[in-house]
Amino acid sequence: MKKYLLTAILILSVLMTVTGCSGGGTAPVLTLGEKEVALGDCTPGNFDSVDLEIGVPGGGIPIGNIPGNSWLSGFLTAGKDYNTYAYLYVYNPDRDEVPYFMSKVYKVDLHFDSEDQTFWEDGSILVNGINFSGMDVSAVKEAMADYKLKTDDADHLFYKDGKYSYSIDFGEDGTITEVTLEEEISKSY
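Keep in mind that what you see is a predicted model, and the values were worked out from it rather than measured. (Residues numbered from 1 in each chain as written. Predicted model: local features only at pLDDT ≥ 70, side-chain atom pairs only at ≥ 80, totals over all residues. Heavy atoms only, no water.)

1. Digging into the sheet that holds strand β1 (residues 29-32)
Moving on, step 1. Spatially, β2-β1-β10 is the arrangement adopted by the 3 strands of the open sheet, whose pairing is antiparallel. Of all the strands in the sheet, the pair left with one neighbour each is β2 (35-38) and β10 (125-127). In this sheet, neighbouring strand axes are inclined to one another by 20 degrees on average, regardless of whether the strands run parallel or antiparallel.
Moving on, step 2. Inspection of the sheet shows β1 paired to β2 by 4 bridges, in the antiparallel sense. The residue bridging L32 from the neighbouring strand is K35, located in β2. (Pairing = 2+ DSSP bridges. Helix = DSSP H or I, 4+ residues; strand = E, 2+ residues; numbered from the N terminus. Axes fitted to C-alpha atoms, helices over the stretch in contact; angles between N-to-C directions.)

The following block contains the structure:
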């Protein structure tokens, strides 16, 4: 009987690993002005709710479509008035191609070191209801107390929640310079 029970437990653990049941976690929720959207459901087009223009590095706007079952190895920019506030990394998990503005954001880098700090101070973009603007390490730890802290350095914190991660960097003055949210996606298309 013990042999069968041990075999059943082994088979169950292998199945959970193969089917991805170990990923899980809760997607970070971005509040973009009045709109709330989860990472992975968010599109570059959602950033227009905080008056950010989507572009490509070096200027211009992304035109055309992203093929089905693919991901963009570069990034899109989200900014205004010559300031870049976020880099967006997108993919298309669907079979058919979609316009870049309708692709899914799987990673976003929020940059708090731009010259125009008023954008961040008024809470234009929140992560899980948190306005990270001006926070230091201890304030972030308090705000993120419900998340599993994996790396704790003076200038970097890393949190993990299943297939979602939060990477937070601090500048020389001790305040946040960048918050990166990422969903692990399959890149084996």
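2. Focus: the side chain of S165
Moving on, step 1. Looking at the element boundaries, S165 is found in strand β13 (residues 164-170).
Moving on, step 2. The class for S165 is buried, based on a relative accessible area of 11%.
Moving on, step 3. Each residue touching S165, except ones within four places of it in the same chain, is listed here: F158, Y159, K160, T180, L181 and E182. (Buried < 20%, exposed > 50% of the residue type's maximum accessible area, 1.4 Å probe, protein only. Contact = heavy atoms within 4.5 Å.)

3. Notes on the pairing of strand β7 (residues 83-92)
Moving on, step 1. Most of β7 is tucked away, with 8 of its 10 residues classed as buried.
Moving on, step 2. Examined bridge by bridge, strand β5 (residues 70-71) and β7 share 2 bridges and lie antiparallel to one another. Note on β7: the bridge partner recorded for W71 is Y91.
Moving on, step 3. Here 5 bridges tie strand β6 (residues 76-80) to β7, and the two strands are oriented antiparallel to one another. Within β7, the residue paired with G79 across the bridge is T84.
Moving on, step 4. In this antiparallel pair of consecutive strands, β6 and β7, the connection spans 2 residues, and D81 shows a positive phi of 50 degrees.

4. Side note on the nonpolar core
Moving on, step 1. Among the nonpolar cores identified, the biggest contains 40 residues, and F47, V108, I125, F132 and V140 are the most heavily contacted of them.
Moving on, step 2. Contact partners of F132, with chain neighbours within four places excluded, come to F112, V127, V140, M144, I168, I176 and V179. (Core = buried A, V, L, I, M, F, W, Y, C linked by side-chain atoms within 4.5 Å.)

5. Side note on a negative patch on the surface
Moving on, step 1. On the surface, D48, D51, E53 and D81 cluster together into a negatively charged patch.
Moving on, step 2. Inspection of the secondary structure puts D48 in the loop between β2 and β3 (53-55). (Patch = residues over 30% accessible without salt bridge, like charges linked within 9 Å, V, L, I, M, F, W, Y side chains within 5 Å. Areas by Shrake-Rupley, 256 points an atom, 1.4 Å probe, with all protein chains shown as cover. Salt bridge = Lys/Arg side-chain N within 4 Å of Asp/Glu carboxyl O. Lys, Arg positive; Asp, Glu negative; His and termini not counted. Charge placed at Lys NZ, Arg CZ, Asp CG, Glu CD.)

6. Quick word on the pairing of strand β11 (residues 148-153)
Moving on, step 1. By the bridge criterion, 5 bridges tie β11 to strand β12 (residues 156-161) in an arrangement that is antiparallel. Looking at β12, one finds that K148 is bridged to K160.

7. A short note on unusual backbone geometry
Moving on, step 1. In this structure, D81 is a non-glycine residue whose phi angle is positive, near 50 degrees.
Moving on, step 2. Mapped onto the fold, D81 is located in the loop between β6 and β7.
Moving on, step 3. By relative accessible area, D81 is classed as exposed at 61%.

8. Some details on the side chain of S124
Moving on, step 1. If you trace the backbone, S124 turns up in the loop between α2 (118-121) and β10.
Moving on, step 2. With relative accessibility at 13%, the residue S124 sits in the buried group.
Moving on, step 3. Among the polar contacts made by the side chain of S124, one reaches the main-chain carbonyl oxygen of F119 at a distance of 3.1 Å.
Moving on, step 4. A polar contact is formed between the side chain of S124 and the side chain of D122, at a distance of 2.6 Å.
Moving on, step 5. Excluding residues that lie within four positions of it along the chain, S124 makes contacts with T31, L32, G33, V50 and F119. (Polar contact = N/O pair within 3.5 Å; in protein donor to acceptor, adjacent residues only side chain to side chain.)

9. Comments concerning the environment of V98
Moving on, step 1. By the secondary structure assignment, V98 is in strand β8 (residues 98-99).
Moving on, step 2. Residues V98 and I66 lie 32 residues apart in sequence; the distance between their C-alpha atoms is 5.6 Å.

10. Quick word on the packing of aromatic side chains
Moving on, step 1. Under the definition given, this model contains 9 aromatic pairs.
Moving on, step 2. When the centroid spacing of 5.7 Å and the interplanar angle of 55 degrees are considered together, the rings of F75 and Y89 count as tilted. With F75 in the loop between β5 and β6 and Y89 in strand β7, this residue pair connects regions lying 14 residues apart in the sequence.
Moving on, step 3. We classify F75 as partly exposed; its relative accessible area is 26%.
Moving on, step 4. For the pair F112 and W120, a centre-to-centre distance of 4.2 Å together with 35 degrees between the ring planes defines the contact as tilted.
Moving on, step 5. Above the face of the Y89 ring, K107 is positioned so that its terminal group lies 4.6 Å from the ring centre.
Moving on, step 6. Over the ring of W71 we find K187, and its NZ or CZ is 4.6 Å from the ring centre. (Phe/Tyr/Trp six-rings, centres within 6.5 Å; stacked < 30°, edge-to-face > 60°. Lys NZ or Arg CZ within 6 Å of the ring centre and 35° of its normal.)

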